[in-house]
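Here is how the chains run, residue by residue.
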Amino acid sequence: MLMTVAWFAMNDNVSAGGMGVAVDNQSFELQVTRTDQDTIGYSSLYNTFSSLLGQYGVNTGNSTSSSNPNVRWSLSDEDKSLRPGSHGILHFKVDAEGGIVPDYNIELRAYSAVMTVENNNGTTVETPTSMSFIARGTGNNITAADYLNTHILFFKGYDSVKDRYYSFISNPSDFQLTLDSNGETDIYWIWPRTFGQLVLTDSTEDSVYTQGGIPVLDKDRSDYNTDKTAIYSFITNNIGTMFKPPTSTANVDYSAAFSSLQSNRTEGTDYNTEYANLSAGYNTVDQEIGKNVRYCLVVLTASA
C-alpha cells in the first residue's frame, strides 16, 4: 500500500506563490486541513503555476475521493518563500483501514526553471516557463539536490513558545509518525539560517557564535542529548553535502573540523577556527542551492 504527498515550494527569488500539496491516492485516504493563514496562497498558487503543477496531478479540493484522487494545498513560510531561515509545518490526516501504522519516507526533489520577467503595474514579476529536474548525484558527483536534502531538516515535534524543535527525523527514508485521535499529524521542517543554530545552544559560551539565529534545539528538554546526538551523527554521515569549500583552492577537512569542534566544546577550549571554517562551508552550500534550485517538491511516501 502506498500514499504519496508532495508539497511544492519556491526559491525566495520568485515573487509570488507558496507551497502546495499533491496526493497520489492508491491505498490510503488523505485530507489536508487549511487554516485562514494557509488559505492566503491557496488560489494564487494554482493560478500562477497551474500549467506546471498539472504535471504532478495537482487538482482542486482538499481531500481525496473516488472522483478526486489528488488534492492541492498551500503551505509556506510567512513570506511565502523558501530560503535559509524558512520553516513550516506539513500537516495531514491519514485514514488507514484496520489500524495500519505506515512507514514513511520523505524526500526533497529539486528543480531549476527558466523564468520570464514581466512588469505588472510597476512591480517586477517572474513567471516560470519551463522546469528541469535536478537528479541526486552518485559517488563524488554532488548536485544541488543533495545539498538541499541535508540543509532542510525534519522534526516530529515543535515548541511554539520557545520556537525550538525536538524528535529529529534522522533517517528521512524510514520513520514512523504518531497520529492523534483524529488521525492527524504534523511534520515540522526548518532550513537553519546558520550552522550555529544546528550545533550550538543559547548558553553564554555559545551565544557569540549563533549570529542572530536561535538554536534549533532546546538544551533544557529531557531529550536534548538524544536529539543532539542524532543531529551530530546526521552531520557526520553527510559531511560532503553539509559543507563545501568557499573557494576552489580552499582545502578544509570538514570531518576533522567538526570532530575538533565537538571535543573542544566538551573540554571548554576555544573552537573559533573550527566554527568559522564549518560556518563558511555551510553558507557556501546554501549559496549553491540558491544559485541552482528554483523550486522544491517535498515528497512524503507512506507504505505498509
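Residues numbered from 1 in each chain as written. Predicted model: local features only at pLDDT ≥ 70, side-chain atom pairs only at ≥ 80, totals over all residues. Heavy atoms only, no water.

**Regarding the pattern of salt bridges**
Consideration 1: Under the criterion given, the structure shown has seven salt bridges.
Consideration 2: Across the pair Asp146 and Arg136 runs a salt bridge, and its minimum N-O distance is 2.7 Å. Here the residue Asp146 occupies a position in helix α3 (residues 144–151), and Arg136 occupies one in the loop between β6 (123–134) and α3, the gap between them amounting to 10 residues.
Consideration 3: Judged by relative accessible area, which is 7%, Asp146 ranks as buried.
Consideration 4: Residue classification places Arg136 among the partly exposed positions, given a relative accessible area of 39%.
Consideration 5: Residues joined in a network through salt bridges with shared partners are Lys162, Asp218, Lys219 and Asp220. (Salt bridge = Lys/Arg side-chain N within 4 Å of Asp/Glu carboxyl O. Helix = DSSP H or I, 4+ residues; strand = E, 2+ residues; numbered from the N terminus. Buried < 20%, exposed > 50% of the residue type's maximum accessible area, 1.4 Å probe, protein only.)

**Some details on helix α8 (residues 254–267)**
Consideration 1: Between its terminal C-alpha atoms α8 stretches 20 Å, which fits the 20 Å expected from 14 residues at 1.5 Å a residue.
Consideration 2: All of the buried residues in α8 are Tyr254, Ala257, Phe258, Leu261 and Asn264. One side of α8 holds all its buried residues, which, seen down the axis, span an arc of 130°. For α8, the exposed residues lying more than 90 degrees away from the buried face are Thr266 and Glu267.
Consideration 3: Against the buried residues of α8 lie α4 (195–199), α6 (224–237), α7 (239–242) and α9 (272–292).
Consideration 4: For α8, the capping residue at the N-terminal end is Asp253, with a side-chain oxygen 3.3 Å from the backbone nitrogen of Ser255. (Expected span 1.5 Å × (residues − 1). Arc of directions from axis to C-beta. Contact = heavy atoms within 4.5 Å. Polar contact = N/O pair within 3.5 Å; in protein donor to acceptor, adjacent residues only side chain to side chain.)

**A short note on the nonpolar core**
Consideration 1: In this structure, Phe154, Phe155, Ile187, Phe195, Ile235 and Phe243 are the most contacted members of the largest nonpolar core, which totals 56 residues.
Consideration 2: The element contributing the most residues to this core is α6, with six residues.
Consideration 3: With residues near it in sequence (within four places) discarded, Ile235 still touches Phe195, Leu198, Val199, Met242, Phe243 and Phe258. (Core = buried A, V, L, I, M, F, W, Y, C linked by side-chain atoms within 4.5 Å.)

**Let's talk about the pairing of β6**
Consideration 1: Bridge count for strand β5 (residues 103–120) against β6 is 11 bridges, and the pairing is antiparallel. By the bridge assignment, Ser112 is partnered in β6 with Ser132.
Consideration 2: Where β5 hands over to β6, the hairpin turn is made up of two residues, of which Asn121 adopts a positive phi near 55°. (Pairing = 2+ DSSP bridges.)

**Observations regarding the pairing of strand β7 (residues 153–159)**
Consideration 1: Pairing geometry for β7 and strand β9 (residues 184–190), over three bridges, is antiparallel. Each residue of the ladder has a partner; that of Phe155, found in β9, is Tyr188.
Consideration 2: By the bridge criterion, four bridges tie β7 to strand β8 (residues 164–168) in an arrangement that is antiparallel. The partner of Asp159 across the bridge, within β8, is Arg164.
Consideration 3: Here β7 folds back onto β8, and the loop between the two strands holds four residues, one of which, Asp163, carries a positive phi near 60°.

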